[in-house]
Amino acid sequence: VVVAPDIRGKHSHDLMLGFTPWEGWSWLPHELHRGVENSTMVRIARTLIRNTRRHHLKAVLAAALQEYTDWSVPSVSDVTRRDSLLKMLGDSMLVAPLHRAADTYSTGRKVFVFMGDLTAQLS
């Protein structure tokens, strides 16, 4: 979406962004829709971090896996790992950049952000 500036060169429109926890769904290969093994999750996360970061790759990988592991479940299933991987992909590749752009755009304007959850429709 391109918002054209007014005559003075300033944007006069407010902005609304919507997110779901499932932005990464379209990036996941079809064979992984039923679940993701631990080694596959680590491999995908490692590739994502290697392609988007330059420094402290091992520390960033460890922090990402720590943050996106569901520690409330004693036995992690392949579907739970898939959900965590989807959240990691969506947050890093879509939510964070759009949030940064909205923050930059917000000077003197209103920005509205909402979160929708489609969990029941994906199961």
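For the structure itself, look to the data block above.
Residues numbered from 1 in each chain as written. Predicted model: local features only at pLDDT ≥ 70, side-chain atom pairs only at ≥ 80, totals over all residues. Heavy atoms only, no water.

Enquirer: Describe the nonpolar core, and please don't skip the residues or the numbers.
Expert: Ranked by internal contacts, the top residues of the largest apolar core, which has 17 residues, are Met41, Leu65, Leu85 and Met88. Looking at this core, the elements with two or more residues in it are helix H1 (38-52), helix H2 (57-67) and helix H3 (78-105). By residue number, the principal contributor to this core is H1, which donates six residues. The residues touching Met41, leaving out its near neighbours within four places in the chain, are Val36, Leu65, Tyr68, Arg81, Ser84, Leu85 and Met88. (Core = buried A, V, L, I, M, F, W, Y, C linked by side-chain atoms within 4.5 Å. Buried < 20%, exposed > 50% of the residue type's maximum accessible area, 1.4 Å probe, protein only. Helix = DSSP H or I, 4+ residues; strand = E, 2+ residues; numbered from the N terminus. Contact = heavy atoms within 4.5 Å.)

Enquirer: Quick one: what's the story with the packing of H1 against H3, residue by residue and with numbers?
Expert: Between H1 and H3, the least distance of the axes is 10 Å, while the angle of their chain directions is 10°. Relative to H3, H1 is oriented roughly parallel. Here Asn38, Met41, Ile44, Ala45, Leu48 and Thr52 of H1 come into contact with H3, specifically with Arg81, Ser84, Leu85, Met88, Leu89, Ser92 and Met93. In terms of residue class, the contact of H1 with H3 is built from eight nonpolar, four polar and one charged. (Axes fitted to C-alpha atoms, helices over the stretch in contact; angles between N-to-C directions. Parallel < 35°, antiparallel > 145°, perpendicular 65-115°, else oblique. Nonpolar A, V, L, I, M, F, W, Y, C, P; charged D, E, K, R; others polar.)

Enquirer: Provide a residue-level description of H2, including the pertinent values.
Expert: Inspection of H2 places Leu61, Ala64 and Leu65 among the buried residues, and these make up the whole buried set. Seen from one end, H2 has its buried residues packed into an arc of 95°, which puts them on one side. Elements in contact with the buried residues of H2: H1 and H3. (Arc of directions from axis to C-beta.)

Enquirer: How would you explain unusual backbone geometry if you had to name every residue and give the values?
Expert: Note: most residues except glycine have negative phi, and most peptide bonds are trans. One non-glycine residue, His56, adopts positive backbone phi at about 55°. Among the secondary structure elements, His56 is positioned in the loop between H1 and H2. For His56, a relative accessible area of 65% gives the class exposed.

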